[in-house]
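# Fold and contact review
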Amino acid sequence: MIDFNVPTYVGKEKEYISKAIDNKKICGDGEFTKKCHKWLNEKTNSNVLLTTSCSHALDMSAILSDIKSGDEVIMPSFTFVSTADAFVLRGAKVVFVDIRPDTMNINEKLIEEAITEKTRAIVPVHYAGVACEMDTIMEIAKKHHLLVIEDAAQGVMSEYKGKPLGTMGDYGCYSFHETKNYSMGEGGALLVKDKDNFERAEIIREKGTDRSRFFRGQVDKYTWVDAGSSYLPSDINAAYLYAQLEKAEDINEKRLHLWDLYYESLQDVKNIELPYIPKECKHNAHMFYIKTKNMEERTRLIKYLKENDILTVFHYIPLHSSPAGKKYGRFNGEDKYTTKESERLLRLPMYYGLKDKEVLEVCDKIKKFYK
Ligand SMILES: *Cc1c(COP(=O)(O)O)cnc(C)c1O
């Protein structure tokens, strides 16, 4: 049986979790959270806070952006529900824009025509860890005075023109869910560009208190200063993650190797399309997907692979066609590619522990299917 996903495990996780327990400080912002912060700070050269999930990092960015009832937020419909939830929870209307068929990212050329006087923010989603056309998006945002919140859930270790994903917009959101490249079970991180907003982010994450300033000795008691919630993860989870961040280069190299192996092995299968990586982008092999002719062919291929003990999955049901998407959003312009391309996309097994021979077997079975 070849699983679709197996959570990354590098070996030191148990030792670090034991250490967190021995520290007798298993709540948030302990030794391992600090170590993760330091690693992420150095890697992204940005202000970073570990959070309980990427969904919560997105929630925090919506609060920090002061998104209010009646505001509009632009994003692709081909994304995970959390991208939209964060803004809908603040009362905003979601405006969906079509994707580019080559990267499955928001089509930057269609953003401007979706802007109204109510638009407050653009939320690019870096699908599969491959960057959106960020120069164009940042230019549009600047011209129309809009905020940019990057959903970089899948983009840890990826770059656009040498810049880490999540560091170009006003806010960036990472996921450390067990299905992502680096994991802590459930978890994420918020990246904040502006230093002043970062102080407010610390407060929102600590139930609206200035406790972080208190711990740094900047105030002699802490108090309730703003609306907030509890968005900091346990140090036990952070300990698990730190073991993986230490090995981030190894994990990244291994995944890229598997990705390249898929790409080479499937190159001559005429019936399918393979992913495209623009030259501006350094990706992180978060996923390997193929595109079949249509949904009917995809269904048959999934079934064939399953009969051969290979598990593959597809996603997302475009948000604009879901019940909540219809209620809280609208699709601007024509759905030329979102639905059509999402119905063709199939994700192949991809994880740190996957073996070369397993990749080759998956490719072999795909070739047999098309023979
Ligand atoms: C995984 C994912 C999320 C949510 O991440 P969680 O950490 O599970 O909350 C959000 N957006 C995208 C694009 C994702 O892939």
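Refer to the structure above for everything that follows.
These numbers were taken from a predicted model, which means no experiment stands behind them.

### Brief notes about the sheet that holds strand E9 (residues 188-192)
Spatial ordering of the open sheet is given by E1-E9-E8-E5-E4-E2-E3-E12, a layout of eight strands whose pairing is mixed. The outermost strands of the open sheet, each flanked by one partner alone, are strand E1 (47-51) and strand E12 (329-331). Ignoring strand direction, the axes of neighbouring strands in this sheet form an average angle of 25°. Sheet strands touched by helix H5 (residues 134-144): strand E4 (119-122) and strand E5 (147-151). Its angle to E5, the strand with the most contacts, is close to 150°. Taken strand by strand, helix H6 (residues 195-205) contacts E1, strand E8 (171-175) and E9, and its axis lies near 15° from that of E1.

### So, the nonpolar core
Judged by nonpolar contacts, the single largest core of 46 residues is most densely connected at Leu 40, Leu 50, Phe 176 and Tyr 182. If you list the elements that add at least two residues to this core, you get helix H1 (13-22), helix H2 (31-44), E1, strand E3 (93-97), H5, E9, helix H8 (235-246) and helix H9 (248-266). Top contributing element to this core by residue count: H8, with six residues. Listed in part, the 32 residues of the second largest apolar core include Val 73, Met 75, Phe 87 and Tyr 231.

### A short note on the pairing of E1
The buried count for E1 comes to five of five residues, which makes it a mostly enclosed element. Neither face of E1 is open: one carries Asn 47, Leu 49 and Thr 51, the other Val 48 and Leu 50, and all of them are buried. Looking at chain direction, E1 and E9 are connected through five bridges and run antiparallel. Bridging across to E9, Val 48 finds its partner in Leu 191.

Rules used in this analysis
Residues numbered from 1 in each chain as written. Predicted model: local features only at pLDDT ≥ 70, side-chain atom pairs only at ≥ 80, totals over all residues. Heavy atoms only, no water. Pairing = 2+ DSSP bridges. Helix = DSSP H or I, 4+ residues; strand = E, 2+ residues; numbered from the N terminus. Axes fitted to C-alpha atoms, helices over the stretch in contact; angles between N-to-C directions. Contact = heavy atoms within 4.5 Å. Core = buried A, V, L, I, M, F, W, Y, C linked by side-chain atoms within 4.5 Å. Buried < 20%, exposed > 50% of the residue type's maximum accessible area, 1.4 Å probe, protein only.

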